[in-house]
Amino acid sequence: MKRFRYLRFTLAAAGMALMALGGCTSRVAKSGSAAEQDSVLQQTAFVTDSIAFCEQKDSMLKCSVVVDYPSGDDSLSVSVRRYVVGELVRMYLPAMQEENGEAPVYKGSMADGKALVDFYGNMNNVYLKAQYAELKVLGIAGLSYDLSIRKTYETDRYLTYETSCYVFLGGAHGSAVCYPVNIVKATGKVLATIDTLKQKALQPILRRGVKEYISKAENRKIKDSDLQNMLFVEHGIIPLPATVPVLTPEGLRFVYQQYEIGPYALGMVEFTVPYADVKSCLTQEAAELAFE
């Protein structure tokens, strides 16, 4: 059974899907200066519709997709729609499982969130059924695909979206991923929070966070010297997570995917660091948003 590839997403594949969608600019003219428009976007709550696709056949097959889809026509809503489509492409099952798997391109209107979610839900369900047809002779208990792309937090200046997915395609266990991001309201862009040149300076913070996570998970005290044998790291250096850390009300949240720095049993290592501890390592934009 192939391992679930949490980084099996190429920017090229997502870019092709987004270009094919066409009409990805706001269709409603705005009035006032750019500064006034940004101010309105920042002060107005971001409105979404919760859209779901779910098909379940007894207890053997389940395919579920839930998306908080922007319902507005402003530039921020259009930008977040692009982000959502990129996540649906990234989480397309064949692309996650196969070296050359490419996601199908949705050619309908981006304004029709239900049609978009149904399109990718159906495509994943087709793949799931095909896998089950091959595996049922082995007595597989059931296959499942559960994807959610949800808005989890909002301030007047940024949104937090989180993509979570759990897949079981047989074998000893399923696989899960978690991709949170901050989206800046004024620009519609995903926020880069950490200065990647500060990896060395962050080592004490990363080691402390990982130790706290493992200590809590295993209900025992983990020492700094234990990490080398517990983690998949070279020369004792803990890398920054592939998923960009995100701003939260409590501090900067770090999330490592399964197998990223340790074995499956370690799970997704996650911890939140107070802003005061990472202030010098934040990008200028992230610092302005964190200390607003």
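Here, every reference points to the structure presented above.
Residues numbered from 1 in each chain as written. Predicted model: local features only at pLDDT ≥ 70, side-chain atom pairs only at ≥ 80, totals over all residues. Heavy atoms only, no water.

A. View of the pairing of strand S8 (residues 270-273). Of the two faces of S8, the one holding Phe271 and Val273 is buried and the one holding Glu270 and Thr272 is not buried anywhere. Pairing of strand S7 (residues 252-255) with S8 involves four bridges; the strand directions are antiparallel. Note that in S8 the partner of Leu252 across the bridge is Val273. (Buried < 20%, exposed > 50% of the residue type's maximum accessible area, 1.4 Å probe, protein only. Helix = DSSP H or I, 4+ residues; strand = E, 2+ residues; numbered from the N terminus. Pairing = 2+ DSSP bridges.)

B. Representation of the side chain of Ser144 within the structure. The topology assignment puts Ser144 in strand S3 (residues 143-154). Excluding residues within four positions of it along the chain, Ser144 makes contact with Lys62, Leu128, Tyr166, Val167 and Phe168. (Contact = heavy atoms within 4.5 Å.)

C. Representation of the sheet that holds S7. The sheet built from three strands is open, its strands ordered S6-S7-S8 with antiparallel pairing. Looking at the sheet topology across the chains shown, the edges are occupied by strand S6 (246-247) and S8. Seen against the sheet, helix H6 (residues 199-218) touches S7 and S8 and runs at an angle of roughly 130° to S8. (Axes fitted to C-alpha atoms, helices over the stretch in contact; angles between N-to-C directions.)

D. Molecular detail of the sheet that holds S3. With mixed pairing, the five strands of this open sheet are ordered in space as S1-S2-S3-S4-S5. Strands with a single pairing partner mark the edges of an open sheet, and in this sheet they are strand S1 (48-57) and strand S5 (175-184). Direction aside, neighbouring strands of the sheet carry axes that sit 10° apart on average. Sheet analysis places S1 next to strand S2 (residues 61-70), joined by ten bridges and oriented antiparallel. Looking across to S2, one finds that Phe53 is bridged to Val65. Sheet strands touched by helix H3 (residues 75-90): S2, S3, strand S4 (158-168) and S5. Its angle to S2, the strand with the most contacts, is close to 160°.

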